[in-house]
Amino acid sequence: MKVYVVYCHPDPESFTSAVFQRTLTTLTACGHDVRTSDLYADEFEPTLSLQEWLDHRAPISPPADIASYCANLTWCEALVFVYPTWWSGQPAMLNGWLDRVLVRGVAWDVTERATRVTGRLTNVRRIVAITTHGSSKVLNTVQGESGKRVIARAVRVLCYQFARSTWLAMYNMDRSTVEQRTAFLDRVERRIRRL
């Protein structure tokens, strides 16, 4: 399978980095063709410019600085996100990636009289989100798990109509033990092997 992994964390020594590394190791061991984007290492510019906003409904080519991300999206069959949950959602860097890379002509289209978009990422049949939460599952549920909704609903609707989404979350990260973190890494590996 062709798998595109989008990784977002500023600290290469973080637990999220360990999750990213385990994900890549597992995908490679399973024989998948893997492409990655490390948004912080890439120094990705997350800010949607005024011109990009003005052009967002125009059928234009993506700006040069996001062209490779767009090419990876149209290439892959599985899209994997690895990131920490901050303030109940994706980090600003990843939100900016969603704003700038999921553009018309690549991720969606809309006819002149349509009231909703049509997804163009029909090549994407699997979406996986792997994240950590500092707080408990109960608190995240009360808060509405907005990050989960973004991946499982907003991104998924742009993909193949029967695309499956997987949500792998480690809750209570701030109070976790080494054993709990190791168990989560093992869980990630098991789920990735089932892609």
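Caption draft 1: Molecular detail of the overall build of the protein. When you go through the protein residue by residue, the secondary structure sums to seven helices and seven strands. Going from the N terminus to the C terminus, the protein shows its helices and strands as β-α-β-α-α-β-α-β-β-β-α-α-β-α. Against the compact-globule benchmark of 16 Å for 195 residues, the protein has a radius of gyration of 17 Å, which places it among compact chains. Along the first, second and third principal axes, the C-alpha set of the protein runs to 55 × 40 × 30 Å. Relative to its full complement of 195 residues, the protein shows a buried share of 44%. Counting only contacts in the protein whose residues sit at least 6 apart along the sequence, the fraction spanning at least 24 positions is 80%. With the model as given, the accessible surface of the protein reaches about 10,300 Å², and the carbon-plus-sulfur share is 52%. Charge-centre separation for the protein: the mean point of 24 positive side chains lies 12 Å from the mean point of 19 negative side chains.

Caption draft 2: Summary view of helix H7 (residues 178-193). Spanning 16 residues, H7 covers 23 Å between terminal C-alpha atoms, matching the ideal 22 Å at 1.5 Å per step. All buried positions along H7 are accounted for by Phe184, Leu185, Val188 and Ile192. The buried side chains of H7 occupy one side of the element, clustering within an arc of 100 degrees when seen end-on. Among the structural elements, helix H1 (15-29), strand S6 (126-132) and strand S7 (164-170) are those in contact with the buried residues of H7.

Caption draft 3: Region of interest: the pairing of S7. With five of its seven residues buried, S7 lies for the most part within the structure. Pairing of S6 with S7, which is carried by seven bridges, proceeds in the parallel orientation. Counted as the bridge partner of Ala129 is Trp167 from S7.

Caption draft 4: Main features of the layout of surface pockets. By volume, the largest pocket is sized at about 510 Å³. Lining the largest pocket are 24 residues, with Leu98, Asp99, Leu102, Val103 and Trp108 positioned closest to its centre. Those elements giving two or more residues to the lining of the largest pocket turn out to be helix H2 (50-54), helix H4 (92-101) and helix H6 (146-155). Residues belonging to the lining of the largest pocket are distributed by class as follows: 16 nonpolar, four polar and four charged.

Caption draft 5: Quick look at a nonpolar patch on the surface. Together, Leu48, Leu50, Trp53 and Leu54 give the surface a local cluster of nonpolar side chains, amounting to about 440 Å² of exposed area. Locating Leu54 in the fold gives a position in helix H2. Judged by its relative accessible area of 54%, Leu54 is exposed.

Caption draft 6: Region of the structure containing the sheet that holds strand S1 (residues 2-7). Strand order in the open sheet made by the five strands is S2-S1-S3-S6-S7, with parallel pairing throughout. The two strands at the open ends of the sheet, each matched to only one other strand, are strand S2 (33-38) and S7. Averaged over all pairs of adjacent strands, the angle between strand axes in this sheet comes to 15 degrees, irrespective of strand direction. Relative to the sheet, helix H3 (residues 67-75) contacts S1, S2 and strand S3 (78-84), its axis offset from that of S2 by approximately 150 degrees. Of the strands in this sheet, S1 and S3 are in contact with H4, which crosses S3 at around 150 degrees.

What counts, and where the lines are drawn
- Residues numbered from 1 in each chain as written.
- Predicted model: local features only at pLDDT ≥ 70, side-chain atom pairs only at ≥ 80, totals over all residues.
- Heavy atoms only, no water.
- Helix = DSSP H or I, 4+ residues; strand = E, 2+ residues; numbered from the N terminus.
- Rg over C-alpha atoms; globule rule 2.2 N^0.38 Å.
- Buried < 20%, exposed > 50% of the residue type's maximum accessible area, 1.4 Å probe, protein only.
- Contact = heavy atoms within 4.5 Å.
- Areas by Shrake-Rupley, 256 points an atom, 1.4 Å probe, with all protein chains shown as cover.
- Lys, Arg positive; Asp, Glu negative; His and termini not counted.
- Charge placed at Lys NZ, Arg CZ, Asp CG, Glu CD.
- Expected span 1.5 Å × (residues − 1).
- Arc of directions from axis to C-beta.
- Pairing = 2+ DSSP bridges.
- 1 Å grid on protein atoms, 1.4 Å probe; cavity = no way out; pocket = protein on both sides within 12 Å on 5 of 7 lines; lining within 4 Å.
- Points joined across faces, edges and corners; volume = space filled by probe spheres on them.
- Nonpolar A, V, L, I, M, F, W, Y, C, P; charged D, E, K, R; others polar.
- Patch = residues over 30% accessible without salt bridge, like charges linked within 9 Å, V, L, I, M, F, W, Y side chains within 5 Å.
- Salt bridge = Lys/Arg side-chain N within 4 Å of Asp/Glu carboxyl O.
- Axes fitted to C-alpha atoms, helices over the stretch in contact; angles between N-to-C directions.

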